[in-house]
Structure formats: C-alpha cells, structure tokens
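Below, each chain spelled out in residue letters.
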Amino acid sequence: MNQGHCFLNRILLIFLCLVVMPQKVLTVIGTRPEGIKLAPLVLELQSRPSEFKSIVCVTGQHREMLDQVLESFKIEPDFDLNLMAPNQTLAQITARAVAGLDKVFGEVLPDVVLVQGDTTTAFCGALVGHYHQVTIGHVEAGLRTGNKFSPFPEELNRRLISQLADLHFPPTKCSQDILLGEGVNPAKVFVTGNTVIDALMLTREKVAVEVPAAAKPLDSILSGKRIVLVTGHRRESHGKGFENICTAIRQVADAHEDLVVVYPVHLNPKVQEPVNRILGGHKRICLIQPLSYQGFVWLLNKADVVLTDSGGVQEEAPSLGKPVLVMRETTERPEGVAAGNAKLVGTSIEKIVDHLTELLSNPAVYAAMSDAKNPYGDGTASKQIADVLIATKSQVMDSK
Ligand code: UD1
Ligand code: UDP
C-alpha cells in the first residue's frame with residue numbers, strides 16, 4: 001500500500017471514530033446514591049444510541065438498596081460484581097472492586113468511564129480507568145469539607161478522584177471554584193448542576209400522579225400528622241453519634257403528640273442496631289425498611305421537617321422547600337445552608353433537640369427555611385454532561 005493510501009485510511013479511521021462510531025461509555029455504580037444520581041445520565045446516554053454505546057457495571061457495594069434504585073429506573077446492568085458482604089472493611093471493598101473492575105475494563109475497552117461522587121466504588125472506577133488509560137469523567141466533582149476524616153472516607157475519595165479525572169462535572173459554581181483553586185485545568189471543568197435534581201424531577205412527576213406502592217401503607221398513618229423524616233448512615237457518626245441522634249429523636253417524639261417520625265433505616269448493621277434498640281417500639285416513631293426512590297420522594301414531599309446526614313437528601317430537600325437539619329459537624333454542600341433551607345446541627349443531643357423543637361414551634365423560623373430553592377441544579381445536568389462528552393470527543397481521542 002502506498003503512502004497516500006495509508007494517509008487516506010488513517011483520515012477515514014479518525015473520521016469514523018469522531019463522527020460515526022458511538023462513544024463507548026462505561027458507567028460504574030456501587031451504592032444507592034450513585035444509582036440515583038447516575039440513572040438519569042444512563043437513560044440520557046441510552047436515548048442517544050447514534051452518539052453513545054452505554055455499558056453499566058454495578059460493583060454491588062450495596063445490594064438491596066441499589067437493586068431498588070435500578071428497578072425504579074428500569075436499568076439493567078451489563079456487569080454485576082456482586083461485592084457486598086456484611087460489615088466488610090474499606091480495604092476489602094477496595095481490593096475486590098479493583099480486581100473485578102480490571103476484568104470489566106479489559107473486556108469492554110471503553111472510551112470513557114463515568115464515576116459519581118465519593119464512594120469506594122467511584123474511587124476504584126477512576127483508579128482502574130487510569131490504569132487502562134481511559135478518559136475519566138467525574139460526576140459531582142469538587143465537593144470538599146477540608147477535613148479528611150469528615151466525611152470518612154469520602155472526603156479523600158473525592159480528592160483522589162479529582163487527581164485521576166479528565167473531565168470534571170461540578171454541580172455548582174462553588175464546587176467549580178474549589179477545583180480551579182486546586183489547579184484543575186479550567187478547560188476540563190463543566191458546571192452542570194447535580195444529576196440528583198434530574199432524578200428528583202423525573203420521579204416527582206410520577207409520584208404526583210399516583211402514590212407509589214411502597215408508600216401506600218404510610219399514607220393513612222401519616223394523614224393529619226406533622227411529619228419528621230429521618231435518614232442517617234455516616235461512618236463518622238457510628239457509635240456515640242448514632243446513640244445521640246436516636247436519643248434526641250426519642251425526646252422530641254415524646255414531647256409532641258401531633259408528630260410522626262418516619263425513619264427508613266439504612267441497612268448497615270452499625271446503623272440498624274442502635275436505631276432499633278433506642279427507637280424501636282415508640283408509638284410515634286415508624287422505623288421502616290429503605291424505601292424505593294419513588295416512595296422516598298413521595299415521603300419527602302409530604303414531610304414537614306427533614307433530619308439527615310445524607311448528601312443526596314441535603315440536595316433534594318431545598319428543591320422541595322423542606323427545612324433540613326443536617327446531623328453533621330461539616331458539610332461539603334454549603335449551598336443549601338446559604339440558601340437558608342439547611343442548618344448544620346451536629347450530633348449532640350442538645351443541639352438536635354433544640355433546633356428541631358424550634359422548627360416545630362416557631363412559624364417564623366419554619367417559614368424562613370421552607371422557601372423552595374434550586375441551589376443544586378435545574379434538572380438538565382445529565383443532558384449537559386452527555387453534550388460535553390460529545391463536544392470533547394476529539395480531545396478524548398487525542399489524550400489516548
Ligand atoms: C456507602 C458509601 C457512602 C455512601 C453510602 C450511601 C463508601 C465508603 N461509603 O456507605 O459514601 O454515602 O454508601 O448509603 O463507599 N448493606 C446492606 N444492604 C445494602 C447496603 C448496605 O446490607 O443494600 C450493609 C452491609 O452490611 C454493608 C454495610 O451495609 O457491608 C455497609 O455498606 P458500605 O457500602 O460499606 O458502606 P455504607 O455505610 O453504606
Ligand atoms: N433514599 C431512598 N430511599 C430511602 C432513603 C433515601 O431512595 O429510604 C434516597 C434519597 O432520596 C437520596 C439518596 O437515597 O437521593 C441518599 O442516599 P444515602 O443517604 O444512602 O447516601 P448519601 O446521599 O449520603 O451518599
């Protein structure tokens with residue numbers, strides 16, 4: 001073959017790669033929040049088959065709680081590493097996720113890997129992506145507390161993923177500024193809003209039409225009551241923190257006869273044990289199984305006050321105008337606090353009781369915290385991320 005022919009073939013190959021061949025995007029999902037936040041993006045990629053070939057790998061770091069989400073959004077994974085084991089250590093999850101993902105990357109040969117947030121799965125997805133020299137997209141990039149033990153181990157996971165990622169998708173300007181302050185190339189940083197708002201908007205429409213099956217048993221119990229919705233699971237609160245949280249909730253429930261506390265309890269045994277021991281059997285406290293996403297959005301929409309340490313719930317509540325008390329000492333989501341919807345109350349009994357009582361008894365404080373705002377996005381984050389993948393495709397190819 002002469003030189004001219006070779007040159008033409010190369011041009012043709014580059015043209016095919018850039019224009020005709022869909023980008024092979026491997027999305028790695030491990031836990032419930034990653035499932036919720038990546039589902040709208042996977043659906044967006046699937047809806048554009050000429051541009052993307054979407055492949056989903058779940059590590060199964062969570063099982064029941066992740067399966068609920070996949071079922072809610074009708075997503076069928078192409079690979080399932082089925083990693084969950086009761087009470088496994090962080091090092092064990094990491095070792096097994098890296099080994100499992102290595103094989104998947106070898107088989108799929110993706111152009112891009114997408115990871116979300118700050119879990120062990122997300123960190124392992126980015127690390128193995130780097131080993132395979134795949135373009136790494138980090139969804140929900142740039143969140144920081146500045147304290148490497150709070151949240152633990154998530155704060156460090158985020159920092160490490162930022163070192164590995166090629167495309168950074170911070171949800172807000174605040175998280176963008178953090179990345180730029182750390183020296184990340186501005187041309188690789190795209191503010192998109194948080195995909196959790198896409199998920200919330202998709203689901204809110206559905207549950208407005210019909211009470212989801214998971215929520216039906218609650219509907220009559222909650223009628224005419226004021227509702228405090230609780231979620232919690234953070235590792236740094238295991239032990240004393242959870243004992244305090246539960247004691248505070250019990251005290252507030254004892255003091256208010258018109259109140260129902262609904263607490264879908266995270267399946268982590270370190271959460272289940274104190275919650276069931278301290279809150280079990282109280283007539284105004286409903287301890288329930290984790291809810292499907294539809295069930296949870298329905299409940300969140302009905303709740304008067306939210307008490308949580310969850311990242312996702314801190315983002316969803318302001319969009320629905322729900323006051324949130326954040327049972328943590330630090331937050332990487334200051335936008336909710338700045339918008340006036342959220343307050344950091346820590347995990348001391350006294351502070352939780354005081355702030356919750358104030359919200360329940362002072363209408364002015366309640367009104368000030370229940371004005372619906374959208375600090376975390378407008379529901380178009382997934383489309384924006386997919387568009388960036390297309391717009392940066394040539395750079396993606398160049399960087400290999
Ligand atoms: C993980 C993430 C955390 C995220 C949280 C969301 C890490 C280190 N932690 O924390 O960032 O905010 O998920 O919920 O990545 N379990 C079940 N069934 C389930 C899920 C969990 O039984 O569906 C139990 C298992 O015993 C499991 C334990 O919970 O070993 C802990 O799960 P793990 O993923 O290690 O940590 P989480 O505390 O859930
Ligand atoms: N959620 C749910 N069912 C529940 C409790 C929470 O679907 O019973 C959703 C919630 O709407 C939010 C996400 O789970 O989007 C938060 O997950 P989690 O608190 O486990 O993790 P975090 O957000 O703290 O990482």
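This text follows the structure it describes.
Thresholds applied
Residues numbered from 1 in each chain as written. Chains lettered and ligands numbered in written order. Predicted model: local features only at pLDDT ≥ 70, side-chain atom pairs only at ≥ 80, totals over all residues. Heavy atoms only, no water. Salt bridge = Lys/Arg side-chain N within 4 Å of Asp/Glu carboxyl O. Buried < 20%, exposed > 50% of the residue type's maximum accessible area, 1.4 Å probe, protein only. Helix = DSSP H or I, 4+ residues; strand = E, 2+ residues; numbered from the N terminus. Axes fitted to C-alpha atoms, helices over the stretch in contact; angles between N-to-C directions. Parallel < 35°, antiparallel > 145°, perpendicular 65-115°, else oblique. Left-handed = near helix turned anticlockwise from the far one by under 90°. Contact = heavy atoms within 4.5 Å. Nonpolar A, V, L, I, M, F, W, Y, C, P; charged D, E, K, R; others polar. Near = heavy atom within 4 Å. Polar contact = N/O pair within 3.5 Å; in protein donor to acceptor, adjacent residues only side chain to side chain. Areas by Shrake-Rupley, 256 points an atom, 1.4 Å probe, with all protein chains shown as cover. Pairing = 2+ DSSP bridges.

Peer 1: Explain the pattern of salt bridges here, please?
Peer 2: Should their charged atoms come close, side chains of opposite charge can pair. In total, this model carries 26 salt bridges according to the counting rule given. Here K216 ties to E210 by a salt bridge, and the two come within 3.9 Å at their closest N and O atoms. Taking the relative accessible area as the measure of exposure, E210 reaches 53% and is therefore exposed. The partner of R277 in a salt bridge is E273, and the shortest N-O contact between them spans 2.7 Å. Linking R277 with E273, this pair stays in helix α11 (residues 269-279), spanning four residues, or about one helical turn. When salt bridges with common partners are traced through the structure, they connect K37, D118, E140, E155, R158, R159, E315, R328, E332 and R333 into a single cluster.

Peer 1: When you look at the packing of helix α5 (residues 120-131) against helix α6 (residues 154-164) in this model, what are you seeing that I'm missing?
Peer 2: Think of two packed helices as two axes; the pair is described by the angle between the axes and how far apart they sit. At a closest axis distance of 9 Å, the pairing of α5 and α6 adopts a crossing angle of 20 degrees. Classified by the angle between their axes, α5 and α6 sit roughly parallel to one another. The two elements α5 and α6 meet at a crossing, and its hand is left-handed. Contact residues: α5 offers T120, A122, F123, A126, L127 and H130, while α6 offers N157, L160, I161 and L164. When its residues are assigned to classes, the contact of α5 with α6 shows seven nonpolar, three polar and no charged.

Peer 1: Which parts of the structure should I look at to understand unusual backbone geometry?
Peer 2: The peptide bond linking S150 to P151 adopts the cis configuration, its omega dihedral lying at 0 degrees. Counting through the fold element by element, P151 comes out in the loop between β5 (135-139) and α6. Cis geometry marks the peptide bond from F152 to P153; its omega dihedral reads 0 degrees. The residue P153 is located in the loop between β5 and α6 in this model.

Peer 1: Looking at this model, I keep getting lost on the site of ligand 2. Mind explaining?
Peer 2: Looking at ligand 2, there are 15 residues lining it, with H233, L291, G311, G312 and E316 nearest. Interatomic distance of 2.9 Å between a side-chain N/O atom of R32 and an oxygen atom of ligand 2. One nitrogen or oxygen atom from the side chain of R234 is found 3.2 Å from an oxygen atom belonging to ligand 2. Its free accessible area being 550 Å², ligand 2 has 96% of it covered by the protein chains. Elements supplying a minimum of two residues to the shell around ligand 2: α2 (32-46), α12 (293-302) and α13 (311-319).

Peer 1: Please clarify how the sheet that holds strand β11 (residues 324-326) should be interpreted in this entry.
Peer 2: Strands sit in the order β9-β8-β7-β10-β11-β12 across an open sheet of six strands; the sheet is parallel. The open sheet has two free edges, formed respectively by β9 (285-288) and β12 (342-344), since each of these has just one partner strand. On average, adjacent strands in this sheet sit at an angle of 20 degrees to one another, irrespective of strand direction. Note: strand β7 (residues 226-231) against strand β8 (residues 259-264), four bridges, orientation parallel. Residue pairing across strands places L229 opposite V262, the latter belonging to β8. α11 rests against β8 and β9 of the sheet, and its axis sits at about 150 degrees to β9. Contacting β7, β10 (305-308) and β11, α13 runs over the sheet at an angle of about 165 degrees to β10.

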